[in-house]
Amino acid sequence: MHPKSQSLASDRQHSTQNPKSVVVLGAGAWGTTLASLAAANGHRVQVRSRRDGAISPSEIERADVVVSAVSMQGVATVVREIQTLPLLPATIFVTATKGLDPVTTLTPAQIWQAAFPDRSVVVLCGPNLAKEIQQGLPAATVAGSTDDNAAVAVQAVFSSPQFRVYTNSDPLGVELGGTLKNVMAIAAGVCDGLHLGTNAKAALVTRGLTEIIRIGNSWGAKTETFYGLSGLGDLLATCNSPLSRNYQVGYQLAQGKTLSAILAHLEGTAEGVNTTQVLMQRARQQDIYMPITAEVYRLLQAEITPKQALEALMLRDLKSELL
Ligand SMILES: NC(=O)c1ccc[n+]([C@@H]2O[C@H](COP(=O)([O-])OP(=O)(O)OC[C@H]3O[C@@H](n4cnc5c(N)ncnc54)[C@H](O)[C@@H]3O)[C@@H](O)[C@H]2O)c1
Ligand SMILES: O=P(O)(O)OC[C@H](O)CO
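It should be emphasised that the depicted structure is a prediction, and the values quoted were computed from it without experimental measurement.

Let us look at the UniProt feature "binding site: sn-glycerol 3-phosphate" (unreviewed entry) in the protein chain. The sites that carry the UniProt feature "binding site: sn-glycerol 3-phosphate" (unreviewed entry) are, in the present numbering, Lys98, Gly126, Lys181, Asp234, Ser244, Arg245 and Asn246. Topologically, Ser244 is positioned in the loop between helix H10 (229–239) and helix H11 (245–254). When residues no more than four places from it in sequence are discounted, the contact partners of Ser244 are Leu129, Ala185 and Thr238. Relative to the assigned elements, Arg245 resides in helix H11. Residue class for Arg245 comes out partly exposed when judged on its relative accessible area of 30%.

Here it is, written out as structure tokens:
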């Protein structure tokens, strides 16, 4: 076995004999779930909620891993707060947020890395409906980083017989897969809300993946990453489950509810609403053809009805599947 892979492999086997100090930022559905997974592996875990007020130096200065599981709206604020606090030289940042900054269009990992250029940042993304994981059902996810050792360390913190963590050296592709699928999940909810059937859903998810890869490549992500757990895997989970908040938004839009009414009663965050706006902004800037995203955008803006969105997609000029 190659010495590097041997050292990495040995890390994979000693997570529970080597308890880490883990601080989780964000006490929502996903932050509390990740905290439970790490604690079940024997790590020392602290969860910080916005309601707890400012983080004190003593709470974070000994942290081996800092996990950010706040919604996109909170990322910039949390990053600025952590920048004022003392950290161990080897502290690893994990970002589990699936969103895009509405002003800069940066991803959460890009925001964390820009704020901490000399530190390792690991993206955690995959088909991870929190409620199923909270029930103890099996799941898998991806720890993406350009720092293999950091990815393996994060893999060891969260891996268990219930939760299988893979590493990937394309963090941008891992993060974009988990983020852009939320737009397609809204469309999938519309599809089911209109009772269009399995064929239509299959076509939508397939063409949605093509759209995600098209703009993901323009961002600099690898095509093959989008066929993995954080891409196709998360797309399938989110587009086929009423547990998905983004799917629920689409489903209820198809039922004729207004977006404001849906969001007022939604449990948790549907990141796809903001992501759609930011993605359209980027697609226009880069002149990238994103037909499904464009129709979801018009639907969210209440410019068209769900039926009109469907017609717009089905009545476009005929073309090759590969374009
Ligand atoms: N719920 C899931 O199944 C799931 C799974 C994987 C990833 N995610 C992603 O994780 C992120 C969080 O999702 P969630 O389901 O936990 O949402 P949530 O709405 O349940 O929780 C969001 C949390 O972020 C916190 N927050 C927001 N702004 C903040 C700020 N400025 N400072 C501190 N905390 C702030 C909120 O207080 C809340 O605790 C999202 O990007 C989501 O896409 C969710
Ligand atoms: O509830 P959603 O739509 O944010 O999806 C939750 C997770 O991202 C699924 O992987």
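So, on to the site of ligand 2. Around ligand 2, the structure places 13 residues, and the nearest of them are Lys181, Asp234, Ser244, Arg245 and Asn246. One nitrogen or oxygen atom from the main chain of Gly126 is found 3.0 Å from an oxygen atom belonging to ligand 2. Asp234 has a polar side-chain atom sitting 2.5 Å from an oxygen atom of ligand 2. For ligand 2, the protein covers 92% of the area, taking 300 Å² as the surface of the free molecule.

Residues separated by three or four positions in an α-helix point in the same direction, a consequence of the helix having 3.6 residues per turn. The element H11 is largely enclosed, with a buried count of seven among its ten residues. Among all positions in H11, only Asn246, Tyr247, Val249, Gly250, Gln252, Leu253 and Ala254 are buried. Between the side-chain oxygen of the N-cap and the backbone nitrogen of Asn246 there are 3.2 Å, and the N-cap of H11 in question is Ser244. Gly256, located one to two residues past H11, shows a positive phi value of around 95 degrees.

What the domain assignment lists for the protein chain is domain 1 (3–169) and domain 2 (173–314). The partner domain 2 presents 28 residues to the 30 residues of domain 1 that form the contact. Together, Lys98, Leu100 and Leu129 form the three largest contributors to the area buried by domain 1 at its contact with domain 2, with a combined 29%. Between domain 1 and domain 2 we count two salt bridges in total. Between Asp234 and Lys98 there is a salt bridge whose closest N-O contact spans 2.6 Å. Our count for the contact surface shared by domain 1 and domain 2 stands at eight residue pairs in polar contact (both at pLDDT 80 or more).

Summarising the element assignment, Thr276 is placed in helix H13 (residues 272–286). Contact partners of Thr276, with chain neighbours within four places excluded, come to Val183, Ile186, Thr293, Val296, Tyr297 and Leu300. One polar contact links the side chain of Thr276 to the main-chain carbonyl oxygen of Gly272, over a distance of 2.6 Å.

A few words now on the site of ligand 1. Neighbouring ligand 1 are 22 residues, the closest being Trp30, Lys98, Ala130, Thr269 and Glu271. Between Ala27 and ligand 1, the recorded distance is 3.5 Å, taken from a backbone N or O atom to an oxygen atom. Within the contact set of ligand 1, an oxygen atom lies 2.9 Å away from a backbone nitrogen or oxygen of Lys98. Computed on the free molecule, ligand 1 has an accessible area of 820 Å², of which 86% lies beneath the protein chains in the complex. At the level of secondary structure, the elements contributing two or more residues to the shell around ligand 1 comprise helix H2 (29–40) and helix H4 (72–83). Sorting elements by how many residues they give to the shell around ligand 1 places H4 first, with four residues. Split into classes, the residues belonging to the shell around ligand 1 amount to nine nonpolar, nine polar and four charged.

The rules behind these values
- Residues numbered from 1 in each chain as written.
- Chains lettered and ligands numbered in written order.
- Predicted model: local features only at pLDDT ≥ 70, side-chain atom pairs only at ≥ 80, totals over all residues.
- Heavy atoms only, no water.
- UniProt positions renumbered as here; feature names shortened; annotations may be inferred.
- Helix = DSSP H or I, 4+ residues; strand = E, 2+ residues; numbered from the N terminus.
- Contact = heavy atoms within 4.5 Å.
- Buried < 20%, exposed > 50% of the residue type's maximum accessible area, 1.4 Å probe, protein only.
- Near = heavy atom within 4 Å.
- Polar contact = N/O pair within 3.5 Å; in protein donor to acceptor, adjacent residues only side chain to side chain.
- Areas by Shrake-Rupley, 256 points an atom, 1.4 Å probe, with all protein chains shown as cover.
- Domains from an automatic or database assignment.
- Buried area = accessible area lost by both parts, 1.4 Å probe.
- Salt bridge = Lys/Arg side-chain N within 4 Å of Asp/Glu carboxyl O.
- Nonpolar A, V, L, I, M, F, W, Y, C, P; charged D, E, K, R; others polar.

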